[in-house]
Structures are given as structure tokens and as C-alpha cells.
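# Remarks on the overall topology
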Amino acid sequence: MKAELTRKKQLTGLLYGLIAGVSFAIFAWGIDGFFLARANGAFPWIKFVPGLLICASTGGLVGWLTILFQ
């Protein structure tokens, strides 16, 4: 029972970290990409995609490690 609860807590930490990372990327680079797309800028999402991948993976890792080491 304790192992199952620990696994659920780790999964929850991972999900919270992913949500935080994705939210940060959307508000940091997504809004800029949206405005560049509306202004017909070249490659408006070029900063958003790598930023999203890096922030989501880093946020997920940090959330998981936080719960793992408490």
C-alpha cells in the first residue's frame, strides 16, 4: 500500500512540474509567438517549440525529484 501511494505522489509531482513548465513556456514564448504570427513575422514559433520542450522536461524532472527526495 505504501509503495502505491509513493508512486501516485511521484506521478502527481511529475504532472505538476509538467504543467508548471508548459505554463511558463506559454506565457514566456507563446504570447510572443502569437504576436509575431499576427504581424506576419518569419518563423513565429521558433522560440516557443524548443522552450516548451526544455521547460516541460525540466519542470517534470524537478517536480518528480521534489517528491522523490521530499
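Let me begin by describing the structure that accompanies this report.

Thresholds applied
Residues numbered from 1 in each chain as written. Predicted model: local features only at pLDDT ≥ 70, side-chain atom pairs only at ≥ 80, totals over all residues. Heavy atoms only, no water. Helix = DSSP H or I, 4+ residues; strand = E, 2+ residues; numbered from the N terminus. Rg over C-alpha atoms; globule rule 2.2 N^0.38 Å. Buried < 20%, exposed > 50% of the residue type's maximum accessible area, 1.4 Å probe, protein only. Contact = heavy atoms within 4.5 Å. Areas by Shrake-Rupley, 256 points an atom, 1.4 Å probe, with all protein chains shown as cover.

On to the overall build of the chain, then. A tally of helices and strands in the chain yields two helices and zero strands. Since a compact globule built from 70 residues should have a radius of gyration of about 11 Å, the 16 Å found for the chain marks it as more spread out than a globular shape. Seen along its three principal axes, the alpha-carbon backbone of the chain occupies a region of about 55 × 15 × 15 Å. Per-residue burial over the chain gives 21% buried out of 70 residues. Of all intrachain contacts in the chain linking residues separated by at least 6 positions in sequence, the fraction that spans at least 24 positions is 65%. On the chain, roughly 5400 Å² of surface is accessible, and the fraction owed to carbon and sulfur atoms is 74%.

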